[in-house]
Amino acid sequence: YASSTALVRMAREEWIWTHGSAAPPADWAASSGLADAAEQHHPIAEAVFRKMAYYLGIGIANVANLLDIHPFIISGGVSNAFHLFEEPLRKETARHAFGMTPEEALKRIVIRRALLGESAGMIGAGHLVHLAF
């Protein structure tokens, strides 16, 4: 629900729903193409980023509620478009957090983009291998 693959799938489904059996634009086969379309205010592209923020916000709030963890780092390919879903993500997370008002949740639950972006996982895995030897 909150990955580059999910974004592309949701966009394809929404395109077919609104345009019939026509295929979506070819550059929508990657989340970077969807991000470009959202930056140009294409309604379907904007909608899929909001939908992803909704699902991811529920997931983050659930982890915060269950484990009392409050820092979250977004990485992977979708992190390159963090600016497109950051605000709705924060609002959805705050809306689903227990035991605090949405205003308190916005202050307490920290959500940031990984400094290494989509390379964070590979660099971390490489570092673990390096430590093992």
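Residues numbered from 1 in each chain as written. Predicted model: local features only at pLDDT ≥ 70, side-chain atom pairs only at ≥ 80, totals over all residues. Heavy atoms only, no water.

## Overview of the side chain of E92
Phase 1 of the analysis: Looking at where E92 falls in the secondary structure, it is placed in helix α4 (residues 82–96).
Phase 2 of the analysis: Sequence-distant contacts of E92, that is, excluding residues within four places in its chain, are made with A53, Y54 and G57. (Helix = DSSP H or I, 4+ residues; strand = E, 2+ residues; numbered from the N terminus. Contact = heavy atoms within 4.5 Å.)

## Considerations on the nonpolar core
Phase 1 of the analysis: In terms of nonpolar packing, the biggest core is built from 33 residues, with F49, F85, L89 and I109 touching the most fellow members.
Phase 2 of the analysis: Mapped onto this core, the elements with two or more residues apiece are α1 (4–19), α2 (31–39), α3 (43–67), β1 (71–74) and α4.
Phase 3 of the analysis: Broken down by element, the residue count for this core peaks at nine residues, all from α3.
Phase 4 of the analysis: The contact partners of F49, leaving out residues within four places of it in the chain, are L7, S31, L34, A35, A38, A81, L84 and F85. (Core = buried A, V, L, I, M, F, W, Y, C linked by side-chain atoms within 4.5 Å. Buried < 20%, exposed > 50% of the residue type's maximum accessible area, 1.4 Å probe, protein only.)

## Focus: a nonpolar patch on the surface
Phase 1 of the analysis: A grouping of V63, L66, L67 and I69 is seen on the molecular surface, where their side chains present a nonpolar patch of about 370 Å² in accessible area.
Phase 2 of the analysis: With respect to the secondary-structure elements, V63 resides in helix α3. (Patch = residues over 30% accessible without salt bridge, like charges linked within 9 Å, V, L, I, M, F, W, Y side chains within 5 Å. Areas by Shrake-Rupley, 256 points an atom, 1.4 Å probe, with all protein chains shown as cover. Salt bridge = Lys/Arg side-chain N within 4 Å of Asp/Glu carboxyl O.)

## Describing α1
Phase 1 of the analysis: With 16 residues, α1 extends 22 Å from end C-alpha to end C-alpha; this agrees with the ideal 22 Å at 1.5 Å per step.
Phase 2 of the analysis: Those residues of α1 that fall on the buried side of the exposure criterion are A6, L7, V8, M10, A11 and W15.
Phase 3 of the analysis: Looking one or two residues beyond α1, the residue adopting positive phi is G20, at roughly 80°. (Expected span 1.5 Å × (residues − 1).)

## Quick notes on the packing of aromatic side chains
Phase 1 of the analysis: One pass over the structure, following the stated rule, counts five aromatic pairs.
Phase 2 of the analysis: Measuring from centroid to centroid gives 6.4 Å for F49 and F85, while their planes differ by 15°, and the two rings are stacked. Here the residue F49 occupies a position in helix α3, and F85 occupies one in helix α4, the gap between them amounting to 36 residues. One exposure class covers both F49 and F85, and it is buried.
Phase 3 of the analysis: Ring geometry for F82 and F85: centres 5.4 Å apart, planes at 90°, overall edge-to-face. Of this pair, F82 and F85 are both found in helix α4, three residues apart, which corresponds to roughly one turn of the helix. (Phe/Tyr/Trp six-rings, centres within 6.5 Å; stacked < 30°, edge-to-face > 60°.)

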